[in-house]
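Chain by chain, the residues run as shown.
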Amino acid sequence: MRILHTSDWHLGRTLEGKSRLPEQAQFIEEICDIARRERADIVLLAGDVYDSYNPPAEAEEMFFDALERLADGGERAVVVIAGNHDSPDRLHAANPLASRHGISLLGYPLELLATGGSGGRASRVSTGPGWIEVGLRGLGETAVVYAIPYPSESRLNEVLSEALGEAAEREAYSGRVARLFADACSAFRADAVNLLVAHLFVSGGWESDSERQIQLGGAMAVNPVALPAAHYVALGHLHRPQAVNLPGAPCMYSGSPLAYSFSEADRQKEVVIVDAGPRRQASVTPVPLSCGKPLKRWRAGNLAEVQAWCSDPRNLESWVDLEVESLQPLSASQVSELRRVHPGIVNVRVILPETAVRDEGQRLSELTLAEQFDRFVTRERGAAPERELLDLFLELASDDGAAGEAPGGEAP
(Lines give C-alpha, C1' and ligand atoms only; values in the text may rest on other atoms or scores of the structure.)
Protein backbone atom coordinates (compact mmCIF):
# COMPACT_ATOMS: atom_id res chain seq x y z
CA MET A 1 0.00 0.00 0.00
CA ARG A 2 1.29 3.44 -0.92
CA ILE A 3 0.43 6.58 1.06
CA LEU A 4 1.00 10.24 0.17
CA HIS A 5 1.32 12.57 3.18
CA THR A 6 0.88 16.35 2.92
CA SER A 7 -0.26 19.08 5.31
CA ASP A 8 -0.56 22.80 6.10
CA TRP A 9 -1.85 24.05 2.76
CA HIS A 10 -3.16 27.30 4.35
CA LEU A 11 -5.29 28.09 1.31
CA GLY A 12 -6.12 31.80 1.20
CA ARG A 13 -3.02 32.90 3.07
CA THR A 14 -1.22 36.01 1.86
CA LEU A 15 2.32 37.31 2.25
CA GLU A 16 2.11 40.81 3.69
CA GLY A 17 -1.15 41.30 1.79
CA LYS A 18 0.10 39.78 -1.48
CA SER A 19 -2.02 36.91 -2.78
CA ARG A 20 -0.50 33.42 -2.93
CA LEU A 21 -3.53 31.80 -4.60
CA PRO A 22 -1.74 31.32 -7.97
CA GLU A 23 1.12 29.56 -6.17
CA GLN A 24 -1.33 27.49 -4.13
CA ALA A 25 -2.98 26.37 -7.37
CA GLN A 26 0.50 25.35 -8.57
CA PHE A 27 1.24 23.14 -5.57
CA ILE A 28 -2.16 21.47 -5.81
CA GLU A 29 -1.40 20.70 -9.46
CA GLU A 30 1.99 19.30 -8.48
CA ILE A 31 0.64 17.19 -5.60
CA CYS A 32 -2.09 15.74 -7.84
CA ASP A 33 0.59 14.88 -10.42
CA ILE A 34 2.71 13.18 -7.74
CA ALA A 35 -0.27 11.17 -6.46
CA ARG A 36 -0.96 9.93 -9.98
CA ARG A 37 2.69 9.31 -10.91
CA GLU A 38 3.47 7.49 -7.67
CA ARG A 39 0.19 5.53 -7.82
CA ALA A 40 -0.79 6.50 -4.29
CA ASP A 41 -3.59 4.45 -2.74
CA ILE A 42 -4.31 6.84 0.15
CA VAL A 43 -3.71 10.59 0.56
CA LEU A 44 -3.41 11.96 4.12
CA LEU A 45 -3.87 15.72 4.53
CA ALA A 46 -2.82 16.45 8.13
CA GLY A 47 -4.65 19.71 8.84
CA ASP A 48 -4.63 23.45 8.22
CA VAL A 49 -6.34 23.15 4.88
CA TYR A 50 -7.29 26.82 5.13
CA ASP A 51 -5.63 29.80 6.76
CA SER A 52 -8.75 30.95 8.58
CA TYR A 53 -12.15 29.76 9.83
CA ASN A 54 -13.81 31.78 7.05
CA PRO A 55 -11.64 31.30 3.97
CA PRO A 56 -12.26 33.22 0.74
CA ALA A 57 -14.53 31.57 -1.81
CA GLU A 58 -11.60 31.04 -4.19
CA ALA A 59 -9.77 29.02 -1.51
CA GLU A 60 -12.79 26.78 -0.87
CA GLU A 61 -13.28 26.20 -4.57
CA MET A 62 -9.59 25.32 -4.89
CA PHE A 63 -9.81 22.82 -2.01
CA PHE A 64 -12.87 20.97 -3.31
CA ASP A 65 -11.39 20.81 -6.78
CA ALA A 66 -8.21 19.35 -5.25
CA LEU A 67 -10.22 16.72 -3.33
CA GLU A 68 -12.03 15.64 -6.48
CA ARG A 69 -8.78 15.32 -8.42
CA LEU A 70 -6.95 13.49 -5.63
CA ALA A 71 -9.81 11.02 -5.09
CA ASP A 72 -9.99 10.34 -8.85
CA GLY A 73 -13.58 9.14 -8.82
CA GLY A 74 -13.10 7.01 -5.71
CA GLU A 75 -10.05 5.18 -7.05
CA ARG A 76 -7.93 6.68 -4.28
CA ALA A 77 -8.89 7.18 -0.60
CA VAL A 78 -8.41 10.68 0.81
CA VAL A 79 -8.41 11.44 4.56
CA VAL A 80 -8.41 15.08 5.72
CA ILE A 81 -8.33 16.34 9.31
CA ALA A 82 -8.90 19.84 10.67
CA GLY A 83 -5.97 21.89 11.92
CA ASN A 84 -6.08 24.76 14.36
CA HIS A 85 -6.72 27.23 11.51
CA ASP A 86 -9.69 25.24 10.18
CA SER A 87 -13.31 25.33 11.26
CA PRO A 88 -14.09 21.73 12.30
CA ASP A 89 -17.76 22.16 11.45
CA ARG A 90 -17.06 23.67 8.04
CA LEU A 91 -14.72 20.83 7.14
CA HIS A 92 -17.02 18.09 8.46
CA ALA A 93 -20.13 19.48 6.74
CA ALA A 94 -19.10 18.26 3.28
CA ASN A 95 -18.89 14.59 4.37
CA PRO A 96 -22.23 13.44 2.87
CA LEU A 97 -20.98 14.41 -0.59
CA ALA A 98 -17.29 13.66 -0.01
CA SER A 99 -17.88 10.08 1.18
CA ARG A 100 -19.32 9.16 -2.23
CA HIS A 101 -15.87 9.86 -3.66
CA GLY A 102 -13.86 7.90 -1.08
CA ILE A 103 -13.06 11.06 0.90
CA SER A 104 -13.19 11.26 4.72
CA LEU A 105 -13.26 14.67 6.42
CA LEU A 106 -12.75 14.74 10.22
CA GLY A 107 -13.16 17.97 12.17
CA TYR A 108 -13.02 16.80 15.79
CA PRO A 109 -11.09 14.23 17.82
CA LEU A 110 -13.08 11.01 18.38
CA GLU A 111 -15.42 11.86 15.51
CA LEU A 112 -17.44 8.91 14.21
CA LEU A 113 -18.06 8.62 10.47
CA ALA A 114 -20.44 6.22 8.76
CA THR A 115 -19.27 3.28 6.69
CA GLY A 116 -19.82 3.32 2.95
CA GLY A 117 -18.41 2.85 -0.51
CA SER A 118 -17.51 5.35 -3.20
CA GLY A 119 -18.39 3.50 -6.36
CA GLY A 120 -14.66 3.24 -7.05
CA ARG A 121 -11.90 1.27 -5.31
CA ALA A 122 -11.99 3.15 -2.03
CA SER A 123 -14.47 2.55 0.79
CA ARG A 124 -14.81 2.85 4.56
CA VAL A 125 -15.32 -0.78 5.51
CA SER A 126 -15.61 -0.09 9.26
CA THR A 127 -15.35 2.87 11.61
CA GLY A 128 -15.15 3.78 15.29
CA PRO A 129 -14.64 6.89 17.43
CA GLY A 130 -11.67 8.64 15.83
CA TRP A 131 -10.79 5.93 13.32
CA ILE A 132 -11.73 4.53 9.94
CA GLU A 133 -10.74 1.35 8.16
CA VAL A 134 -10.06 2.07 4.51
CA GLY A 135 -10.51 -0.68 1.95
CA LEU A 136 -9.21 -0.55 -1.61
CA ARG A 137 -10.76 -3.09 -3.93
CA GLY A 138 -8.23 -5.46 -5.46
CA LEU A 139 -5.40 -4.48 -3.10
CA GLY A 140 -5.80 -7.38 -0.68
CA GLU A 141 -5.14 -5.31 2.45
CA THR A 142 -6.80 -2.50 4.39
CA ALA A 143 -5.54 0.49 6.38
CA VAL A 144 -6.72 1.55 9.82
CA VAL A 145 -6.36 5.33 9.99
CA TYR A 146 -6.61 6.87 13.47
CA ALA A 147 -7.21 10.62 13.12
CA ILE A 148 -6.51 13.34 15.67
CA PRO A 149 -7.69 16.70 14.34
CA TYR A 150 -6.27 19.61 16.36
CA PRO A 151 -7.02 18.50 19.96
CA SER A 152 -7.67 21.75 21.82
CA GLU A 153 -9.69 21.77 25.04
CA SER A 154 -12.70 23.26 23.25
CA ARG A 155 -12.59 20.67 20.45
CA LEU A 156 -12.20 17.85 22.94
CA ASN A 157 -15.07 19.47 24.86
CA GLU A 158 -13.18 18.90 28.09
CA VAL A 159 -11.56 20.97 30.83
CA LEU A 160 -8.18 19.29 31.04
CA SER A 161 -6.87 20.87 34.23
CA GLU A 162 -8.35 22.87 37.11
CA ALA A 163 -4.86 23.74 38.32
CA LEU A 164 -3.11 26.96 37.38
CA GLY A 165 0.35 27.14 35.91
CA GLU A 166 1.98 26.03 32.70
CA ALA A 167 3.51 22.86 34.16
CA ALA A 168 0.12 21.55 35.30
CA GLU A 169 -1.52 22.48 32.00
CA ARG A 170 1.27 20.82 30.03
CA GLU A 171 1.02 17.62 32.06
CA ALA A 172 -2.78 17.51 31.71
CA TYR A 173 -2.72 18.18 27.97
CA SER A 174 0.03 15.69 27.20
CA GLY A 175 -1.77 13.09 29.34
CA ARG A 176 -5.05 13.61 27.47
CA VAL A 177 -3.39 13.29 24.07
CA ALA A 178 -1.55 10.20 25.32
CA ARG A 179 -4.97 8.64 26.02
CA LEU A 180 -5.95 9.37 22.43
CA PHE A 181 -2.78 7.62 21.34
CA ALA A 182 -3.75 4.64 23.54
CA ASP A 183 -7.15 4.57 21.81
CA ALA A 184 -5.29 4.40 18.50
CA CYS A 185 -3.36 1.35 19.68
CA SER A 186 -6.60 -0.40 20.57
CA ALA A 187 -7.98 0.32 17.08
CA PHE A 188 -4.87 -0.89 15.24
CA ARG A 189 -4.72 -4.47 13.98
CA ALA A 190 -1.91 -6.86 13.09
CA ASP A 191 -3.45 -7.68 9.70
CA ALA A 192 -3.82 -4.04 8.59
CA VAL A 193 -1.60 -1.09 7.73
CA ASN A 194 -1.86 1.11 10.84
CA LEU A 195 -1.62 4.85 10.26
CA LEU A 196 -1.90 7.80 12.65
CA VAL A 197 -2.62 11.27 11.23
CA ALA A 198 -2.56 14.14 13.72
CA HIS A 199 -2.31 17.93 13.85
CA LEU A 200 -0.30 18.85 16.95
CA PHE A 201 3.09 19.99 18.20
CA VAL A 202 5.52 17.31 19.32
CA SER A 203 8.18 18.57 21.74
CA GLY A 204 11.50 19.21 20.04
CA GLY A 205 9.98 20.11 16.69
CA TRP A 206 11.70 22.73 14.56
CA GLU A 207 9.48 25.82 14.33
CA SER A 208 9.41 28.75 11.90
CA ASP A 209 7.93 32.25 11.99
CA SER A 210 4.98 31.28 9.80
CA GLU A 211 3.30 29.16 12.50
CA ARG A 212 1.43 32.17 13.84
CA GLN A 213 -1.62 32.37 16.10
CA ILE A 214 -0.99 28.94 17.54
CA GLN A 215 0.40 27.60 20.79
CA LEU A 216 3.53 25.78 19.73
CA GLY A 217 5.30 25.31 23.01
CA GLY A 218 4.38 25.11 26.65
CA ALA A 219 1.06 23.62 27.56
CA MET A 220 0.18 22.46 24.03
CA ALA A 221 3.31 20.36 23.45
CA VAL A 222 3.16 16.57 23.33
CA ASN A 223 5.92 14.25 24.51
CA PRO A 224 7.08 12.12 21.55
CA VAL A 225 7.44 8.99 23.74
CA ALA A 226 3.64 8.92 24.00
CA LEU A 227 3.18 8.45 20.24
CA PRO A 228 1.76 5.01 19.45
CA ALA A 229 3.44 2.24 17.51
CA ALA A 230 2.15 2.45 13.93
CA HIS A 231 3.41 1.74 10.46
CA TYR A 232 3.58 5.50 9.90
CA VAL A 233 2.72 8.66 11.86
CA ALA A 234 1.71 11.59 9.62
CA LEU A 235 1.92 14.95 11.42
CA GLY A 236 0.81 18.45 10.55
CA HIS A 237 1.32 21.80 12.34
CA LEU A 238 4.98 22.66 11.72
CA HIS A 239 5.89 24.14 8.35
CA ARG A 240 9.43 22.79 8.02
CA PRO A 241 9.61 19.18 6.78
CA GLN A 242 11.23 17.09 9.50
CA ALA A 243 11.35 13.68 11.12
CA VAL A 244 10.46 13.00 14.75
CA ASN A 245 12.71 10.50 16.50
CA LEU A 246 10.35 7.71 17.41
CA PRO A 247 11.47 4.15 18.15
CA GLY A 248 10.05 1.64 15.73
CA ALA A 249 7.82 3.78 13.50
CA PRO A 250 8.61 6.49 10.90
CA CYS A 251 7.09 9.79 12.07
CA MET A 252 7.18 12.90 9.86
CA TYR A 253 6.00 16.45 9.54
CA SER A 254 5.54 16.87 5.79
CA GLY A 255 5.63 20.65 6.22
CA SER A 256 3.75 23.25 4.19
CA PRO A 257 3.98 23.07 0.38
CA LEU A 258 4.89 26.78 0.24
CA ALA A 259 7.23 28.90 2.33
CA TYR A 260 4.92 31.22 4.28
CA SER A 261 7.57 33.32 6.04
CA PHE A 262 11.09 34.52 5.31
CA SER A 263 12.39 32.30 8.10
CA GLU A 264 11.78 29.47 5.61
CA ALA A 265 13.74 31.17 2.80
CA ASP A 266 15.70 28.68 0.68
CA ARG A 267 14.14 25.68 2.44
CA GLN A 268 13.15 22.77 0.22
CA LYS A 269 9.44 21.88 0.41
CA GLU A 270 8.16 18.37 -0.03
CA VAL A 271 5.47 15.72 0.35
CA VAL A 272 6.13 12.24 1.73
CA ILE A 273 5.52 8.91 0.01
CA VAL A 274 5.18 5.90 2.32
CA ASP A 275 5.19 2.23 1.31
CA ALA A 276 3.76 -0.05 3.99
CA GLY A 277 2.40 -3.55 4.46
CA PRO A 278 0.67 -5.19 7.45
CA ARG A 279 3.69 -7.15 8.66
CA ARG A 280 6.69 -5.19 7.44
CA GLN A 281 8.52 -1.96 8.23
CA ALA A 282 7.33 1.03 6.23
CA SER A 283 9.71 2.87 3.92
CA VAL A 284 9.58 6.65 3.63
CA THR A 285 10.60 8.74 0.60
CA PRO A 286 10.43 12.56 0.64
CA VAL A 287 9.44 13.96 -2.77
CA PRO A 288 10.62 17.56 -3.34
CA LEU A 289 8.20 20.19 -4.62
CA SER A 290 9.18 22.78 -7.22
CA CYS A 291 6.09 25.01 -7.11
CA GLY A 292 5.85 28.56 -5.81
CA LYS A 293 8.09 31.59 -5.87
CA PRO A 294 11.25 31.41 -3.76
CA LEU A 295 11.53 33.69 -0.73
CA LYS A 296 14.78 35.61 -0.55
CA ARG A 297 16.39 37.78 2.12
CA TRP A 298 18.74 40.29 0.54
CA ARG A 299 20.82 43.18 1.87
CA ALA A 300 22.02 45.87 -0.51
CA GLY A 301 24.77 48.41 0.05
CA ASN A 302 22.87 51.20 -1.72
CA LEU A 303 19.98 51.91 -4.05
CA ALA A 304 22.12 51.51 -7.17
CA GLU A 305 22.92 47.97 -6.07
CA VAL A 306 19.20 47.26 -5.67
CA GLN A 307 18.49 48.57 -9.17
CA ALA A 308 21.24 46.39 -10.65
CA TRP A 309 19.96 43.30 -8.81
CA CYS A 310 16.40 43.93 -9.99
CA SER A 311 17.55 44.29 -13.60
CA ASP A 312 18.43 40.57 -13.69
CA PRO A 313 15.26 38.70 -14.83
CA ARG A 314 16.28 35.68 -12.73
CA ASN A 315 15.67 37.71 -9.57
CA LEU A 316 12.21 38.95 -10.49
CA GLU A 317 10.30 35.70 -9.87
CA SER A 318 10.71 35.79 -6.09
CA TRP A 319 9.38 37.37 -2.92
CA VAL A 320 12.01 39.63 -1.37
CA ASP A 321 12.71 40.82 2.15
CA LEU A 322 15.02 43.76 1.44
CA GLU A 323 17.43 45.64 3.66
CA VAL A 324 19.18 48.56 2.04
CA GLU A 325 21.91 50.73 3.51
CA SER A 326 21.30 54.44 3.13
CA LEU A 327 22.54 57.70 4.61
CA GLN A 328 18.96 58.76 5.25
CA PRO A 329 15.45 57.22 5.26
CA LEU A 330 13.94 56.55 1.85
CA SER A 331 11.05 58.68 0.68
CA ALA A 332 7.69 57.13 -0.14
CA SER A 333 8.33 57.73 -3.84
CA GLN A 334 11.66 55.87 -3.65
CA VAL A 335 10.03 52.85 -2.02
CA SER A 336 7.23 52.93 -4.59
CA GLU A 337 9.81 52.97 -7.38
CA LEU A 338 11.57 49.94 -5.89
CA ARG A 339 8.29 48.03 -5.83
CA ARG A 340 7.49 49.11 -9.36
CA VAL A 341 10.80 47.72 -10.59
CA HIS A 342 10.36 44.52 -8.53
CA PRO A 343 6.68 43.83 -7.58
CA GLY A 344 7.83 40.96 -5.36
CA ILE A 345 9.53 43.22 -2.81
CA VAL A 346 7.50 42.60 0.35
CA ASN A 347 9.47 44.38 3.07
CA VAL A 348 11.88 47.30 2.81
CA ARG A 349 14.04 48.19 5.80
CA VAL A 350 16.56 50.98 5.73
CA ILE A 351 19.88 50.48 7.52
CA LEU A 352 21.12 53.89 8.62
CA PRO A 353 24.74 54.66 9.53
CA GLU A 354 25.59 54.07 13.18
CA THR A 355 26.20 57.77 13.76
CA ALA A 356 22.74 58.61 12.41
CA VAL A 357 21.13 56.05 14.69
CA ARG A 358 23.05 57.39 17.69
CA ASP A 359 22.15 61.00 16.87
CA GLU A 360 18.53 59.99 16.38
CA GLY A 361 18.45 58.43 19.85
CA GLN A 362 19.95 61.53 21.41
CA ARG A 363 17.23 63.73 19.87
CA LEU A 364 14.30 61.38 20.54
CA SER A 365 13.20 63.15 23.71
CA GLU A 366 12.91 66.40 21.77
CA LEU A 367 10.36 64.97 19.32
CA THR A 368 6.58 64.93 19.62
CA LEU A 369 4.78 61.59 19.82
CA ALA A 370 3.70 61.95 16.18
CA GLU A 371 7.28 62.63 15.10
CA GLN A 372 8.57 59.63 17.05
CA PHE A 373 5.99 57.37 15.40
CA ASP A 374 6.79 58.80 11.97
CA ARG A 375 10.49 58.13 12.51
CA PHE A 376 9.93 54.60 13.80
CA VAL A 377 7.69 53.58 10.87
CA THR A 378 10.05 55.19 8.37
CA ARG A 379 12.99 53.28 9.79
CA GLU A 380 11.14 49.94 9.92
CA ARG A 381 9.24 50.13 6.63
CA GLY A 382 11.45 52.42 4.61
CA ALA A 383 8.66 54.98 4.07
CA ALA A 384 6.69 57.44 6.17
CA PRO A 385 3.32 56.22 7.54
CA GLU A 386 0.10 57.18 5.76
CA ARG A 387 -1.91 59.93 7.42
CA GLU A 388 -4.71 57.49 8.36
CA LEU A 389 -2.23 55.22 10.17
CA LEU A 390 -0.71 58.14 12.06
CA ASP A 391 -4.15 59.40 13.11
CA LEU A 392 -5.15 55.92 14.31
CA PHE A 393 -1.94 55.59 16.35
CA LEU A 394 -2.46 58.97 18.02
CA GLU A 395 -6.07 58.09 18.80
CA LEU A 396 -5.06 54.79 20.41
CA ALA A 397 -2.22 56.45 22.32
CA SER A 398 -4.63 59.10 23.59
CA ASP A 399 -7.15 56.47 24.72
CA ASP A 400 -4.41 54.51 26.50
CA GLY A 401 -3.22 57.60 28.30
CA ALA A 402 -6.73 58.44 29.44
CA ALA A 403 -7.29 54.90 30.71
CA GLY A 404 -4.16 55.14 32.85
CA GLU A 405 -5.38 58.19 34.74
CA ALA A 406 -7.25 58.06 38.00
CA PRO A 407 -10.16 60.45 38.65
CA GLY A 408 -8.83 63.96 38.92
CA GLY A 409 -6.09 63.31 36.39
CA GLU A 410 -3.65 61.72 38.88
CA ALA A 411 -1.93 58.42 38.12
CA PRO A 412 -3.21 55.54 40.28
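All of these numbers come straight from a predicted model, not from anything done at the bench.

### Examining the environment of alanine 25
Inspection of the secondary structure puts alanine 25 in helix α1 (residues 21-37). A relative accessible area of 36% means that alanine 25 is categorised as partly exposed. Note: C-alpha distance between alanine 25 and cysteine 291 (266 residues apart in sequence) is 9.2 Å.

### Here's the deal with a nonpolar patch on the surface
Residues Leu389, Leu392 and Leu396 make up a contiguous nonpolar surface patch of roughly 250 Å² in combined accessible area. Examined against the element boundaries, leucine 389 turns out to sit in helix α11 (residues 387-403). Relative accessible area serves as the criterion here: at 31%, leucine 389 is assigned to the partly exposed category.

### Here we look at the confidence of the model for the protein
For the protein, the average pLDDT comes to 85, and 86% of its residues sit at 70 or higher. Note that pLDDT drops below 50 for residues 212-219; the model gives that stretch 23 contacts with residues more than four away or on any other chain. Here residues 403-412 scores under 50 on pLDDT; set against residues more than four positions off or in separate chains, the count is six contacts.

### What to know about the environment of tyrosine 260
The topology assignment puts tyrosine 260 in the loop between β16 (251-253) and β17 (270-277). Distance from tyrosine 260 to arginine 20, taken between C-alpha atoms, is 9.3 Å for residues 240 residues apart in sequence.

Cut-offs applied
- Residues numbered from 1 in each chain as written.
- Predicted model: local features only at pLDDT ≥ 70, side-chain atom pairs only at ≥ 80, totals over all residues.
- Heavy atoms only, no water.
- Helix = DSSP H or I, 4+ residues; strand = E, 2+ residues; numbered from the N terminus.
- Buried < 20%, exposed > 50% of the residue type's maximum accessible area, 1.4 Å probe, protein only.
- Patch = residues over 30% accessible without salt bridge, like charges linked within 9 Å, V, L, I, M, F, W, Y side chains within 5 Å.
- Areas by Shrake-Rupley, 256 points an atom, 1.4 Å probe, with all protein chains shown as cover.
- Salt bridge = Lys/Arg side-chain N within 4 Å of Asp/Glu carboxyl O.
- pLDDT = per-residue confidence, 0-100.
- Contact = heavy atoms within 4.5 Å.

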